[in-house]
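# Structural description and commentary
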Amino acid sequence: MDTANPARPVLNPVIDEFYSARYDEADRLSRDAPGRLERDRTREILRRVLPAAPARILDIGGGPGVYAAWLAELGYQVTMIEPVARHREQAAAYGTFAVADGDARALAHPDASADAVLLLGPMYHLVDPAERALALAEAGRVVRPGGVIAAAFINRQAPILDVSARLRINDDGVFAHLRRLRDTGVNDEATGFTVAYFHSPREILADFAAAGLPEPRLVGIEGPLMALIVSGLVEDRPDYFEAALRSAQVAEDHPDLLATSAHVLAVVGSAPHGAPGSA
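Below you will find a few notes about this structure. Computed from a predicted structure; not experimentally measured.

It is worth spelling out the nonpolar core at this point. Formed by 29 residues in total, the largest nonpolar core has its most connected members in Leu46, Leu50, Leu71, Phe97, Leu118 and Leu265. Going through the elements one at a time, helix 2 (33-49), helix 3 (66-73), strand 2 (77-81), strand 4 (114-119), strand 5 (143-154) and strand 7 (263-268) are the ones with two or more residues in this core. It is helix 3 that contributes the most residues to this core, 7 residues altogether. Those residues in contact with Leu46 that lie beyond four places of it in its chain are Trp70, Leu118, Leu120, Ala150 and Leu265.

What follows is the structure, encoded as structure tokens:
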């Protein structure tokens, strides 16, 4: 039975304005070393957990389409769903995958209509845990039985590591905000980012449980050298970038080292195939 939810939630206007007028997401994953590290590691992990092409993938909240374009090049049948009009325009320019308006909390797609569902952007923009559970439940509804759900979360410790590496923590206002964020997980726009929630691993597991999904595998994306890469001190050092990739591969599934990554990928529905870095 098709139980697609037609009730479209309203996108937070602060988030819409941030991505529409204040920040260009289109080249974030290629313009500097931190973005490239996140991109390369995310691709590496997805290659290991996604079903083989030409599987049907829903890329929910796919932004300007960077991952959707890459997946389409690999032969996947990709439909990208995105609530920000500017991002849909940027994604449509690729011309290699379908782009549609939509919201992670109410997908206009039939039950079991995708082989894999990606939520690489929405989860950290939903501050209310009930809305996060709704988005994950919708992913669970539209994915086929045994299909893959991969959702990205920003680590609770990421702002501390990022701001410290960039020396912004020396600002008293930023320092006070980081203390609050450490305890609440709720971002303050004074940091330069928009409305966001930063997760602990325990909270990621709780979100999946609230959605009625199996407990996910948690994979750290950037790894132990993330703060060094963010600092800009080694931007032109390919040897340090390679070391960051390798250390992330070694640390990715160690619970004690998840906090060193800015992003954590939570995956259900498919056992990883191959050793880290084999893809």
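Now for the packing of aromatic side chains. If you walk through the whole model with that rule in mind, you get 6 aromatic pairs. Each ring, one from Phe18 and one from Tyr19, has its centre 5.0 Å from the other, and the planes form 85°; the classification is edge-to-face. By relative accessible area, Tyr19 is classed as buried at 8%. Ring geometry for Tyr94 against Phe97: centres 5.8 Å apart, planes inclined by 40°, an arrangement best described as tilted. Given the relative accessible area of 41%, Tyr94 is considered partly exposed. Following the ring pairs from residue to residue traces out a cluster consisting of Phe18, Tyr19, Tyr23 and Phe193.

Structurally, Gly65 can be placed in the loop between strand 1 (56-60) and helix 3. Between the C-alpha atoms of Gly65 and Thr260, which are 195 residues apart in sequence, the distance is 27 Å. Ignoring anything within four residues of it in the chain, the contact list for Gly65 reads Met80, Ala91, Tyr94 and Phe97.

The subject of this paragraph is unusual backbone geometry. For the bond from Ala53 to Pro54, the omega torsion is 10°, close enough to zero to count as cis. For Pro54, the location among the structural elements is in the loop between helix 2 and strand 1. Phi angles above zero are rare outside glycine, and Leu167 is one such case at about 70°. Along the chain, the position of Leu167 falls in the loop between helix 6 (158-165) and helix 7 (172-184). Look at Leu167 and you get exposed, because its relative accessible area is 59%.

What follows deals with the sheet that holds strand 2. Backbone-to-backbone hydrogen bonds join strands into a sheet, with any given pair of strands oriented parallel or antiparallel. Pairing in this open sheet of 7 strands is mixed, and the strands run 3-2-1-4-5-7-6 from one edge to the other. Looking at strand neighbours, the two that pair on one side only are strand 3 (98-100) and strand 6 (217-220), the edges of this open sheet. Averaged over all pairs of adjacent strands, the angle between their axes in this sheet comes to 20°, without regard to strand direction. Pairing of strand 5 with strand 7, which is carried by 6 bridges, proceeds in the antiparallel orientation.

Attention now moves to helix 8 (residues 201-210). Within helix 8, the full set of buried residues consists of Glu203, Ile204, Asp207 and Phe208. Buried residues along helix 8 cover an arc of 140° about the axis, so they all sit on one side. Helix 8 presents Arg202, Ala209 and Ala210 as exposed residues on the side facing more than 90 degrees away from its buried surface. Looking at the buried positions of helix 8, the neighbouring elements they touch are helix 5 (129-142), strand 5, strand 6 and strand 7.

Before going further, it helps to spend a moment on the packing of helix 5 against helix 8. For the pair helix 5 and helix 8, the least separation of the axes is 8 Å and the interaxial angle reads 60°. By the angle class used here, helix 5 and helix 8 are oblique. Like other packed secondary-structure pairs, helix 5 and helix 8 cross with a definite hand, here right-handed. Here helix 5 contributes Pro129, Arg132, Ala133 and Leu136 to the contact with helix 8, which in turn contributes Asp207, Phe208 and Ala210. Its residues assigned to classes, the contact of helix 5 with helix 8 shows 5 nonpolar, no polar and 2 charged.

Basis of the calculations
Residues numbered from 1 in each chain as written. Predicted model: local features only at pLDDT ≥ 70, side-chain atom pairs only at ≥ 80, totals over all residues. Heavy atoms only, no water. Core = buried A, V, L, I, M, F, W, Y, C linked by side-chain atoms within 4.5 Å. Buried < 20%, exposed > 50% of the residue type's maximum accessible area, 1.4 Å probe, protein only. Helix = DSSP H or I, 4+ residues; strand = E, 2+ residues; numbered from the N terminus. Contact = heavy atoms within 4.5 Å. Phe/Tyr/Trp six-rings, centres within 6.5 Å; stacked < 30°, edge-to-face > 60°. Pairing = 2+ DSSP bridges. Axes fitted to C-alpha atoms, helices over the stretch in contact; angles between N-to-C directions. Arc of directions from axis to C-beta. Parallel < 35°, antiparallel > 145°, perpendicular 65-115°, else oblique. Left-handed = near helix turned anticlockwise from the far one by under 90°. Nonpolar A, V, L, I, M, F, W, Y, C, P; charged D, E, K, R; others polar.

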